[in-house]
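Report on the structure
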Amino acid sequence: MPQVLEFSDVVVRRNARNIVDRVDWSVTDDQRWVVLGPNGAGKTTVLQLAASLLHPTSGSVGILGERLGRTDVFELRPRIGFASSAMARRIPAEETVLDVVLTAAYAVVGRWREDYEDIDERRAMRVLAEWKLEGLAERTFGTLSDGEQKRVQIARAVMTDPELLLLDEPTASLDLGAREELLALLGGYAQAPTTPAMIMVTHHVEEIPVGFTHVLLLREGRVVAAGPLAQTLTAESLTETFGMPITLTEDAGRYAARAAS
Ligand SMILES: Nc1ncnc2c1ncn2[C@@H]1O[C@H](COP(=O)(O)OP(=O)(O)O)[C@@H](O)[C@H]1O
Ligand SMILES: [Mg+2]
């Protein structure tokens, strides 16, 4: 299977502290990873490295066959879909849903708005339908519910048909219904054969969609464990990751964790 990510001894140092500390990690294009760890563990920083938005202080980061520092990131970035709340804050509230998704295509091909073609619009409508946003195309982003906004961000990230899809806490702040709706969509997407490699950050095991295959557990910038979900996500590894005794249950591919009594 083609390599999508290859981290070797990666360090990101800030304020005399390694916020990513000697991380080795590899991802192939058939894998769907969850990156799990407490607040401040370095999850977002790892995702920014994978998105080629950040260079490591030392070590090497390979992305889609290119190596950071030896490649033009402006050629690499269009091949990567990325959705995060930091990016969502930059979407103008008055922009329509259709435009939010369509502009992802202009960013990639560097075309001006007036030049876009029917084909982009047809693809955007198809992507909107895939993420249960049909009927909202003409609504402005600012008028959507949290759950709808999250789905629009993901639709925007997949619009360009990326080879790697990165999602930073897509289910954060959603109510139960919106969370479950999004997890079902993410699970369906993760299991489709044409889907690219996916990496999703969360700090709740309850938010791991069915169909995800691997987990990277981080604590204080270091890898606690990495590998296939079934073997790697255990009460022991979670106990070490979160620094407290934890029990874990699994039911039909969904996980739940709580403090051990
Ligand atoms: N640019 C920066 N300068 C200094 N510290 C940073 C910077 N970016 C992140 N950090 C710190 O690094 C740690 C890891 O951050 P982050 O990757 O955002 O963690 P997570 O996403 O797991 O919550 C946190 O303690 C954060 O405060
Ligand atoms: Mg984060």
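The residue numbers shown here count from 1 along each chain, following its written sequence. A letter from A marks each chain and a number from 1 marks each ligand, given out in the order of writing. Only residues with pLDDT of at least 70 are given local features in this predicted model, and only at 80 or more are side-chain atom pairs given and counted; all residues enter the totals for whole chains, interfaces and linings. Just so you know, side-chain values use all the structure's heavy atoms and leave hydrogens and water out.

1. Let's talk about the site of ligand 1
- Nearness is judged by heavy atoms alone; a residue qualifies as near a molecule or strand once a single heavy atom is within 4 Å of it. Around ligand 1, the surrounding shell consists of Arg14, Asn15, Arg17, Ile19, Pro38, Asn39, Gly40, Ala41, Gly42, Lys43, Thr44 and Thr45.
- Within the contact set of ligand 1, an oxygen atom lies 3.0 Å away from a backbone nitrogen or oxygen of Gly42.
- In these tables, accessible area is a Shrake-Rupley quantity obtained with a 1.4 Å probe, and a residue counts as shielded only by the protein chains included in the view. Protein chains shield 62% of the accessible area of ligand 1, which is 560 Å² for the free molecule.
- Where helices and strands are cited, they refer to DSSP runs of H or I of at least four residues and of E of at least two residues respectively, numbered from the N terminus. Among the elements that make up the shell around ligand 1, the one with the highest residue count is helix α1 (residues 43-50) (3 residues). Distance and chemistry together define a polar contact, namely a pair of N or O atoms within 3.5 Å, with one atom able to donate a hydrogen and the other to accept it when in protein, and with adjacent residues in sequence counting only for side-chain atoms on both sides.

2. Here we look at the pattern of salt bridges
- Here a salt bridge means any side-chain nitrogen of Lys or Arg lying within 4 Å of a carboxyl oxygen belonging to Asp or Glu. Using the criterion set out here, one finds 6 salt bridges in the structure.
- Of the charged contacts in the structure, one is a salt bridge between Asp9 and Arg22, with a shortest N-O distance of 2.8 Å. Here the residue Asp9 occupies a position in strand β1 (residues 3-14), and Arg22 occupies one in strand β2 (residues 17-28), the gap between them amounting to 13 residues.
- Arg22 gets classed as exposed once you look at its relative accessible area, which sits at 57%. Burial status follows relative accessibility: with a 1.4 Å probe on protein chains alone, a residue under 20% of its type maximum counts as buried, one over 50% as exposed, and anything between as partly exposed.

3. Points about α1
- The element α1 is extensively covered by neighbouring structure, given that 6 of its 8 residues are classed as buried.
- Every buried residue of α1 is accounted for by Lys43, Thr45, Val46, Leu47, Leu49 and Ala50.
- Of the residues one or two after α1, Ser52 is the one with positive phi, at around 60 degrees.

4. Side note on the pairing of strand β10 (residues 222-228)
- Strand pairing is assigned whenever DSSP detects at least two bridges linking the two strands. With 6 bridges joining them, strand β9 (residues 214-219) and β10 adopt antiparallel strand pairing. Paired with Leu217 across the strands is Ala225, a residue of β10.

5. Concerning the nonpolar core
- Buried residues of nine kinds, namely Ala, Val, Leu, Ile, Met, Phe, Trp, Tyr and Cys, make up a nonpolar core once their side-chain atoms join them within 4.5 Å. Ranked by internal contacts, the top residues of the largest apolar core, which has 48 residues, are Trp131 and Leu233.
- Of all elements in the fold, only β3 (32-36), α4 (97-109), α5 (118-130), α6 (146-158), β7 (164-168), α7 (176-191), β8 (197-202) and β9 reach the threshold of two or more residues within this core.
- Per element, the largest residue contribution to this core is 7 residues, and it comes from α4.
- Here, residues are in contact when the closest pair of their heavy atoms is within 4.5 Å. Sequence-distant contacts of Trp131, that is, excluding residues within four places in its chain, are made with Arg151, Ile154, Ala155, Val158, Leu182, Leu185, Leu186 and Tyr189.

6. Some words on the side chain of Thr103
- Its place among the elements puts Thr103 in helix α4.
- A polar atom in the side chain of Thr103 sits 3.1 Å from the backbone oxygen of Val100.

7. Regarding the packing of aromatic side chains
- Within 6.5 Å between ring centres, the rings of Phe, Tyr and Trp (the latter by its six-membered ring) count as paired, and their orientation is classed by plane angle as stacked under 30 degrees, edge-to-face over 60, tilted in between. Taken as a whole and judged by the stated rule, the model has 3 aromatic pairs.
- Ring centres of Trp131 and Tyr189 lie 5.2 Å apart, and the angle between their planes is 55 degrees; this geometry places the pair in the tilted category. With Trp131 in the loop between α5 and α6 and Tyr189 in helix α7, this residue pair connects regions lying 58 residues apart in the sequence.
- An aromatic cluster is built from Phe7, Trp25 and Trp33, whose rings are joined through pairwise contacts.
- A ring is scored as having a charge over it whenever the NZ atom of a lysine or the CZ atom of an arginine sits within 6 Å of its centre and within 35 degrees of its normal. Here the guanidinium or amino end of Arg77 rests over the ring plane of Phe74, the centre of that ring lying 5.0 Å away.

8. With respect to the environment of Thr71
- With respect to the helices and strands, the residue Thr71 is situated in the loop between β5 (66-67) and α2 (73-76).
- Using a relative accessible area of 21% as the deciding quantity, one classes Thr71 as partly exposed.
- For Thr71, the residues in contact, after removing those within four places along its chain, are Glu66 and Leu76.
- Reaching out from Thr71, the side chain makes a polar contact with the side chain of Glu66 at a distance of 3.2 Å.

9. Comments concerning the sheet that holds β1
- A sheet is described by the order of its strands in space; here 4 strands give the open sequence β2-β1-β4-β5, paired in antiparallel fashion. Both edges of this open sheet fall to β2 and β5, since each of them pairs with a single strand only.

10. So, the packing of α6 against α7
- Convention adopted: a line fitted to C-alpha atoms gives each axis, helices being fitted over their contacting stretch, and angles between N-to-C directions are expressed from 0 to 180 degrees. At a closest axis distance of 9 Å, the pairing of α6 and α7 adopts a crossing angle of 20 degrees. By the angle between their directions, the pair α6 and α7 is classed as roughly parallel. Here α6 runs over α7; the crossing is right-handed. Of the residues in α7, those touching α6 at Gly147, Lys150, Arg151, Ile154 and Val158 are Ala178, Glu181, Leu182, Leu185, Leu186 and Tyr189. Geometric relationships in this document are graded by angle, where less than 35 degrees denotes roughly parallel, more than 145 denotes roughly antiparallel, 65 to 115 denotes roughly perpendicular, and other angles denote oblique. In this scheme the handedness of a crossing depends on how the near helix is turned from the far one: anticlockwise by less than a right angle means left-handed, clockwise means right-handed.

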